[in-house]
Amino acid sequence: MLSQRRLGTATLALGLVVLTDVLRVFLPSVITIFGQAASTPAELLGAFAVGWFVLALAAPVLVARVGSATVGVAAVLVLGAARLALTAAPGGRAQLWLASAGLLAGLVWLAATAARVAHPVPGLVLGMTASALGHALLGTYDLVWWQRWPAWVASVAVVAALLAAETAFGRAATRPVDDRPPPNRRGWLLVGPALLLGGMVALSPAVAISAMSYWYGEAGTAAPPPFALAPLGAAAPLFLLGALTPWQPRWRALPPVLLVAGALLFGYGPPTLLTVAVLAGAAGLGGCLGLTGDGASPQPTDRSGAGPAYAAVGGMLVFAVAALVYYAAYDIGYPNQWVPAVVAALTGMVAMRATAASGGQPRADPAPELPRWRLAVLAAVVALAAAWLHGPWLVASNRPGPPEQVRLVAYNIRMGFGLDGRFDLTALDRMVGRADVVVLSEVDRGWLLNGGHDTLGLLADRLGMPYVFAPAADPLWGDAVLSRWPVQRARTRPLPAVGAPTGAQALGVTVDLGAGVRLAVVSTHLQPPPGADPVVQARAVADFATGYADGAPLVVAGDLNTEPGDPAFTAFTDAGLVDALAAARPLPTSPADDPREQIDHVLVSPDLVAADAVAVPGTASDHLPVAVTLTLPDH
């Protein structure tokens, strides 16, 4: 009996690793392939995404009629095949439908597993931890995007292990229904909320990196930290110990409090406290899962498995709806900071009700015991190894003497996803080329919706250029400047919202070119109000930029969402700035596959001479990057 329970735990853990891999492709594919970011209504995107989770509500009926073992094996075959097919990185509609089929198969498999596994918490905890640590070891760059043979070897190994475990577990689960352990419905109900909170805050390597980077920034900005993944070395063990350690009655209110506190800090706290949010969220989420596993009612009324199957699929529906409500706010425009806190509070309530239902007594059929301290130490070692593997970060240093010219690129990278929906760092690197200063818009540093990558850190590592990042929508989304020379005096100023859901800011950095020569660079991404020109934000940026430069040579660059001659563009020229791309006009940059709009710009102070302006052709984003060579004034 014990070996069968351990087999169920291993199967669940492996399946969650594969399902999470598919989710990291499915979610951004909905945005970048089914829709084209902001050009497709958020309601339509949400209906498509949530529809797959609603369709999975039929899975418990299928399990009851066909049998959980048969359904489980069939679903794993489809899930594994979809996962391996995604390793080929097909892009386009093929990628979208493969990810959708894999997701649906994964949800059906989850329902079949819930019908047979009475204790989901150990498998859930191991699967979430393994997925997070694997993502950390990869530097948040998923295997599905690699297109190299190591990705195939690792992917085939994981899928083969899952298929072997599922087959063995299906053969072992032969006991009559009445002899099965009582199901833990509350534990299964929390699978979806746990994956959401873990992926958004508690166990996200990209969020850990971003949190650490704010320690090294100034004035609300972020800079590359050494050993950026170090917070995960504490978060993963806290999560494991919280989930696998029996909680004494007097401490049982602590996990929900920690979880809600972490979610509140994530939503409402300053970026400098993001690390605290990660650690509190990890400890609280693990503790709530531990309470749920320990305190489930020992006298269920239904042993058929239908209840847990519906709970598992229903919990994943909560995942989908909560993610939709949170991220759709950046298209529609409403407060969304409360969403993680509400999910955290509901998770805590389920955990506390589980302990109340059992009267604080342990289950008559305890979950398989796991060596919690060994696992916690192992998780810490792996996380710290990942931190060492991907750090310390590159540090810029002065070259001998200041240069006469600087090559600058401004690029809206659309979270790193090309028009084909692929996350392609090689293509981004190629588009940027040998720039000296890079200004980036639409930079994502860990949104679950986009796969949980630290796009900025990955690209900076490829280019060998440290960054300064400034948040706009939340601590994980904004604009950045990368430079081959050291930067100083990083400043960020929020811009008037004027109805822009994602928010906007202006980031100013001073590039130290040596021998007292300085270049002020301001990065921004203007967000126009519905049906209007972003003239209010443009005036705010122009005012901030000229004051920040204080007489030094100045560059203002980014996706300005305005064309030459429009009021917002004129606001910059009225402030004394010059169009650095004028000699190459017309220079359309959007959409990338058929550029018609001139909305990405570089404006400079009159003492900078611009030459060789181009819009680099390519589809690594939905915009083209603009590049220009700037000759510095005599020094």
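Cut-off values and rules
Residues numbered from 1 in each chain as written. Predicted model: local features only at pLDDT ≥ 70, side-chain atom pairs only at ≥ 80, totals over all residues. Heavy atoms only, no water. Helix = DSSP H or I, 4+ residues; strand = E, 2+ residues; numbered from the N terminus. Buried < 20%, exposed > 50% of the residue type's maximum accessible area, 1.4 Å probe, protein only. Axes fitted to C-alpha atoms, helices over the stretch in contact; angles between N-to-C directions. Parallel < 35°, antiparallel > 145°, perpendicular 65-115°, else oblique. Left-handed = near helix turned anticlockwise from the far one by under 90°. Contact = heavy atoms within 4.5 Å. Nonpolar A, V, L, I, M, F, W, Y, C, P; charged D, E, K, R; others polar. Pairing = 2+ DSSP bridges. Right-handed = clockwise from strand over helix to strand, strands pointing away.

**Student:** Even after reading the chapter, I still don't get unusual backbone geometry, so can you show me in this structure?
**Tutor:** Where the residue is not glycine, phi is negative for most of them; where a peptide bond is considered, it is trans in most cases. Along the chain, Gly391 connects to Pro392 via a cis peptide bond; the corresponding omega equals -5 degrees. Along the chain, the position of Pro392 falls in the loop between helix H16 (372–389) and strand E1 (405–412). A cis geometry characterises the amide bond from Arg585 onward to Pro586, with omega recorded as -5 degrees. Tracing the backbone through its elements, the reader meets Pro586 in the loop between strand E9 (578–579) and strand E10 (600–604). In this structure, Glu442 is a non-glycine residue whose phi angle is positive, near 55 degrees. Its place among the elements puts Glu442 in strand E2 (residues 437–444). The exposure class of Glu442 is buried, given its relative accessible area of 15%.

**Student:** Any chance you could explain the packing of helix H3 (residues 59–66) against helix H5 (residues 92–114) here in plain terms?
**Tutor:** Angle between the axes and distance between the axes: these two values describe a pair of packed helices. For the pair H3 and H5, the least separation of the axes is 9 Å and the interaxial angle reads 55 degrees. Relative to H5, the element H3 is oriented oblique. Along this stretch, H3 crosses H5, giving a crossing that reads as right-handed. Of H5, the residues touching H3 (which contributes Ala59, Pro60, Leu62 and Val63) are Val108, Ala111 and Ala112. The residue inventory of the contact of H3 with H5, partitioned by class, reads 7 nonpolar, no polar and no charged.

**Student:** Is there a simple way to explain the pairing of E1 in this structure?
**Tutor:** Side-chain positions along a regular strand alternate between the two faces of the sheet. Of all 8 residues in E1, 6 are buried, a share of seventy percent or more. Where E1 meets strand E12 (residues 626–631), 6 bridges bridge the pair, whose relative direction is antiparallel. Paired with Arg407 across the two strands is Thr629, which belongs to E12. The pairing of E1 with E2 spans 5 bridges and is parallel. Looking at the pairing, Leu408 lines up with Val437 of E2. Crossover handedness for the path E1 to helix H17 (residues 425–432) to E2: right-handed.

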